[in-house]
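# Coordinates in review
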Amino acid sequence: KPAQNLSEAFVSGFETFSFLSKIPLLKDFAKYIPRPNWSFTWSGLERYALFSFAKRVQITHAYISNYSEGWKINPDGVQETQTQRVDYAFAPLVGLTMNFDQFLGGTFQGSARFSTKSIFSLGISTKNITEQYNKDISISASYMKSGFELPLFGISLKNDIEVSFSYTSGKTSSVIYDMEKFKESGTPQEGKTNTTIEPKIRYVMSQRVSLTIFYRRTSIEPEGASRIPPTTTNEAGVDVRITIQ
């Protein structure tokens, strides 16, 4: 049956351990064997000369994969597969966090993450495979200092200040592959890249009064066959919070 052959080819083609389906005892159960997933965290890298300038350094990595399918029982009592999906994700592929103490009289922390995700979906009735791809990059840094002196109305107050910066960029794309008229490049669908940059300053005058100044720039760049126009949004503001008890 063409539909059954396509379903089996999808499983065997995307199966991480495809050799399992060649073992007679496991042939009928290969697709139910869990996909490998792992994660690890490596701390204490500040002990090495490369990172000796920091107080704490940590690297993280994780791989996630899943397989799912939808099926129904037809009037003849035969199971028919309707949809199949395989997910692969490095979340993150690499993540780095560093902490510094006594940096310009305060504490500093920075982090960076790079993640990717691919989703392959098969529609048995349409005989199409849809590939969705996501790539995310995030970078953040923050500086905090207590006892910061700011002259105000002729009085030098000692309060807390926090300066932070964040950058995120996420790319999404989609491609459809027609299994009846297959071409390696497929047919690109809608895609876009979202980028956000946000610096922020937070000044705490007391437990009841705080002041935040922020700026946020968000841009959207269309890709592939996307019909949305490129856009850029700029936001800025001041947030004053006063707690009255």
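So, a few notes on the structure that sits alongside this text. Since the model is a prediction, treat every value here as computed from it, not as a measurement.

### As for the side chain of Glu198
Within the secondary structure, Glu198 is located in strand E8 (residues 190-204). The class for Glu198 is buried, based on a relative accessible area of 15%. A distance of 3.1 Å separates polar atoms of two side chains, one belonging to Glu198 and the other to Arg216. Look past the residues within four positions of Glu198 in its chain and what remains in contact with it is Ser164, Phe165, Ser166, Tyr215 and Arg216.

### Focus on the nonpolar core
Counting 12 residues, the largest nonpolar core is built from Leu6, Phe10, Tyr63, Tyr67, Val86, Tyr88, Phe120, Leu122, Ile124, Ile129, Val175 and Tyr177. Elements that contribute at least two residues to this core include exactly helix H1 (2-14), strand E2 (56-73), strand E3 (79-103), strand E4 (106-123) and strand E6 (155-178). In this structure, Leu45, Phe51, Ala54 and Phe100 belong to the second largest nonpolar core, which totals six residues.

### Topic: a nonpolar patch on the surface
On the surface, Val163, Ile201, Ile213, Val238, Val240, Ile242 and Ile244 cluster together to form a nonpolar patch covering roughly 670 Å² of accessible area. No other element matches strand E10 (residues 231-242), which puts three residues into the nonpolar patch. Relative accessible area serves as the criterion here: at 77%, Ile244 is assigned to the exposed category.

### Details of the environment of Ala54
Counting through the fold element by element, Ala54 comes out in the loop between strand E1 (38-43) and E2. Considered as a pair, Ala54 and Asn99 are 45 residues apart in the sequence and their alpha carbons are 6.1 Å apart.

### Regarding the packing of aromatic side chains
The tally for this structure, following the rule as stated, stands at six aromatic pairs. Aromatic side chains Tyr63 and Phe90 sit 5.0 Å apart centroid to centroid with 50° between the ring planes, which places their arrangement in the tilted category. Remark: Phe90 occurs in strand E3 and Tyr63 occurs in strand E2; sequence separation between them is 27 residues. Centre to centre, the rings of Tyr88 and Phe120 are 6.3 Å apart; their planes meet at 70°, and the pair counts as edge-to-face. Of this pair, Tyr88 sits in strand E3 while Phe120 sits in strand E4, and the two are 32 residues apart along the sequence. Phe120 matches Tyr88 in its accessibility class, with the two residues each being buried.

### Things to note about the pairing of E3
As a general feature of sheets, a regular strand has side chains that alternate between the two faces. Where E2 meets E3, 16 bridges bridge the pair, whose relative direction is antiparallel. By the bridge assignment for E3, Tyr67 is matched with Val86. Here E2 folds back onto E3 in antiparallel fashion, the turn holding five residues, of which Gly77 has a positive phi close to 80°. In terms of strand pairing, E3 meets E4 through 16 bridges, oriented antiparallel. Residue pairing for E4: Val94 is matched across the bridge by Phe114. From the end of E3 to the start of E4, which pair antiparallel, there are two residues, and Leu104 there has a positive phi angle of about 55°.

Reading guide: rules and limits
- Residues numbered from 1 in each chain as written.
- Predicted model: local features only at pLDDT ≥ 70, side-chain atom pairs only at ≥ 80, totals over all residues.
- Heavy atoms only, no water.
- Helix = DSSP H or I, 4+ residues; strand = E, 2+ residues; numbered from the N terminus.
- Buried < 20%, exposed > 50% of the residue type's maximum accessible area, 1.4 Å probe, protein only.
- Polar contact = N/O pair within 3.5 Å; in protein donor to acceptor, adjacent residues only side chain to side chain.
- Contact = heavy atoms within 4.5 Å.
- Core = buried A, V, L, I, M, F, W, Y, C linked by side-chain atoms within 4.5 Å.
- Patch = residues over 30% accessible without salt bridge, like charges linked within 9 Å, V, L, I, M, F, W, Y side chains within 5 Å.
- Areas by Shrake-Rupley, 256 points an atom, 1.4 Å probe, with all protein chains shown as cover.
- Salt bridge = Lys/Arg side-chain N within 4 Å of Asp/Glu carboxyl O.
- Phe/Tyr/Trp six-rings, centres within 6.5 Å; stacked < 30°, edge-to-face > 60°.
- Pairing = 2+ DSSP bridges.

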